[in-house]
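Here are the chains, one letter per residue:
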Amino acid sequence: NFWLTETDMVAQNIAVDVLDPSSYTQTYFHRAGPRYQVVFAPGEVHAAIVTCGGLCPGMNTVIREIVHGLWYQYNVKDIKGIRSGYRGFYTEKPMPLYPELVDNWHKQGGTCLGTSRGGFDLDKIMDAVEKQGLNQIYIIGGDGTIRGAIRIFEEVRRRGIKASVVAIPKTVDNDVGIIDRSFGFQTAVDAAQAAIAAAHTEAESTPNGVGLVKLMGRYTGHIALQATLSSRNVDCCLIPEVPFFMEGPGGLLEFVNHRLREHGHCVIVVAEGAGQDLIERTEDVRDESGNLRLRDIGLWLTNKLKQWWKDTHEGEVFSCKYIDPTYMIRAVPSNATDTSYCTLLAHSAIHGAMAGYTGFVAGPVNANFCYIPMELVANTKHVVDVNSHTWAWVQSVHNQPDFIKDDIHKHAIKKGQKSYETVS
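Residues numbered from 1 in each chain as written. Predicted model: local features only at pLDDT ≥ 70, side-chain atom pairs only at ≥ 80, totals over all residues. Heavy atoms only, no water.

Caption draft 1: Summary view of the pattern of salt bridges. Enumeration according to the criterion identifies 16 salt bridges in this entry. With a closest N to O distance of 2.8 Å, R158 and E155 form a salt bridge. One end of the pair, R158, and the other, E155, are both in helix α5 (residues 143-159), three residues apart, so they sit about a helical turn from each other. By relative accessible area, R158 is classed as exposed at 63%. Taking the relative accessible area as the measure of exposure, E155 reaches 9% and is therefore buried. Residues participating in the shared-partner salt-bridge network are D127, E130, E155, R158 and R159. (Salt bridge = Lys/Arg side-chain N within 4 Å of Asp/Glu carboxyl O. Helix = DSSP H or I, 4+ residues; strand = E, 2+ residues; numbered from the N terminus. Buried < 20%, exposed > 50% of the residue type's maximum accessible area, 1.4 Å probe, protein only.)

Caption draft 2: Just the packing of aromatic side chains, in detail. Counted under the stated rule, the structure contains ten aromatic pairs. Taking the centre distance of 5.5 Å and the plane angle of 75° together, the rings of W308 and W309 count as edge-to-face. Both residues of the pair, W308 and W309, belong to the buried class. Judged by centre distance (6.0 Å) and plane angle (50°), the rings of Y341 and F369 are tilted. With Y341 in helix α11 (residues 336-354) and F369 in strand β13 (residues 368-373), this pair connects stretches of sequence that are 28 residues apart. Neither Y341 nor F369 differs from the other in exposure class; each is buried. Three or more aromatic residues joined by ring pairs form one cluster here, namely F244, F245 and F403. Lying across the ring of F40, K162 places its NZ or CZ 5.1 Å from the centre. (Phe/Tyr/Trp six-rings, centres within 6.5 Å; stacked < 30°, edge-to-face > 60°. Lys NZ or Arg CZ within 6 Å of the ring centre and 35° of its normal.)

Caption draft 3: Highlighting a nonpolar patch on the surface. Side chains of V16, V18, L19 and Y24 sit close together on the surface and give an oily, nonpolar patch of about 460 Å² of accessible area. With respect to the helices and strands, V16 occurs in the loop between β1 (9-11) and β2 (28-31). (Patch = residues over 30% accessible without salt bridge, like charges linked within 9 Å, V, L, I, M, F, W, Y side chains within 5 Å. Areas by Shrake-Rupley, 256 points an atom, 1.4 Å probe, with all protein chains shown as cover.)

Caption draft 4: Spatial organisation of unusual backbone geometry. Phi angles above zero are rare outside glycine, and N174 is one such case at about 65°. Following the sequence through the fold, N174 ends up in the loop between β7 (164-169) and α6 (185-204). Its relative accessible area of 4% is what places N174 among the buried residues. Not every positive phi belongs to a glycine, and I178 is a case in point at roughly 75°. Its location among the elements puts I178 in the loop between β7 and α6.

Caption draft 5: Quick peek at the confidence of the model for the protein. For the protein, the mean per-residue pLDDT works out to 92, and 94% of the residues sit at or above 70. Segment residues 408-424: pLDDT under 50, and four contacts once partners within four positions in sequence are set aside and those in other chains are kept. (pLDDT = per-residue confidence, 0-100. Contact = heavy atoms within 4.5 Å.)

Caption draft 6: Structural detail: the sheet that holds strand β8 (residues 209-215). Strand order in this open sheet of four strands is β9-β10-β8-β11, and the pairing throughout is parallel. At either end of the open sheet lies a strand with only one pairing partner, and these are β9 (236-238) and β11 (319-323). Across the sheet, the axes of successive neighbouring strands diverge by a mean angle of 15°, strand direction being ignored. For β8 and β11, the ladder comprises five bridges, and the chain directions are parallel. Residue V210 lies in a different strand from β11, and its bridge partner there is C320. (Pairing = 2+ DSSP bridges. Axes fitted to C-alpha atoms, helices over the stretch in contact; angles between N-to-C directions.)

Next comes the structure, spelled out in structure tokens:
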């Protein structure tokens with residue numbers, strides 16, 4: 001007997017300054033959950049599920065839970081799986097989905113429906129939607145996929161089709177805005193520990209050993225940050241939100257040299273999007289989703305470190321082992337926490353669709369699941385707050401540099417700004 005109404009809302013901003021009236025400016029989202037009245041009868045629902053973009057732990061879990069939720073909670077029997085991403089709407093025959101088929105999918109990594117980048121042809125997709133009579137479309141993907149979902153939602157409205165278009169945000173990088181976190185993120189942090197442990201073992205096992213691990217994080221460093229804090233074996237964490245430099249006082253090379261002299265080894269974790277400004281780029285190349293192809297910061301750092309040591313430490317032994325576990329991490333099944341989370345995401349999505357909501361993303365805001373407009377999510381990024389306690393913990397635990405160049409540092413001191421804090 002748990003029903004939600006139109007007035008059940010979730011507040012986006014829960015931390016306010018009671019002395020500042022402007023802090024009361026608030027945004028509310030409809031709370032996710034079952035409604036007493038629904039707009040779709042079970043027999044008239046023709047649902048489709050599609051997975052797009054790169055792999056992420058938990059994709060199969062979301063598919064399974066949508067199928068189980070529609071089938072057992074709403075008695076919906078016509079559920080189709082769209083194969084191979086957006087292009088599957090118009091290039092492949094849909095796969096009928098039912099509980100017995102998907103029952104163990106959550107134990108597998110990847111997506112049993114297949115996925116791809118690109119292939120978004122709005123007219124062909126919409127013609128397939130109309131031809132198949134689809135009226136509930138569940139789209140699982142990242143920011144590029146959600147932008148495509150917005151176009152489908154708008155075209156559904158333009159054509160006057162009675163259909164719910166729902167997005168379930170998927171990005172292992174945890175960079176989807178508004179929501180608390182993305183599914184698969186915690187699994188990725190767990191899986192990254194094996195790579196960091198291997199890098200630490202390699203570094204410890206040779207004189208002047210450096211272990212370098214590149215983790216996912218095109219625009220944000222959430223995985224690198226949390227994996228660093230969880231490991232306790234990392235000496236330096238490099239993320240896109242904090243620019244760094246190599247040479248000179250306060251640079252990475254000086255820090256690595258100090259750690260090698262002090263401990264005999266050094267472990268560095270770098271997010272894939274970090275340091276891109278340091279790598280020479282002759283031309284911009286984009287992938288099928290329109291994302292700029294990143295240069296391999298891990299390989300670049302490895303070569304720089306080896307050349308630096310050769311130039312400055314003649315005759316001394318040095319080793320730099322580079323580990324890139326990207327495809328191993330994103331292809332694993334979701335862990336227990338993410339599996340439970342995927343279930344809540346899927347059930348939130350189907351409750352909203354059955355109640356007639358459309359053009360929304362299902363996800364938690366301040367630990368309460370709700371329905372957020374797709375456009376708002378697509379235009380917002382969740383980046384690491386470098387002024388937060390979390391980033392401060394990384395710096396204090398590992399004593400890594402701020403990467404402030406010497407001339408900037410001197411300028412700050414000249415203006416009377418403290419370069420450190422004292423405890424009185």
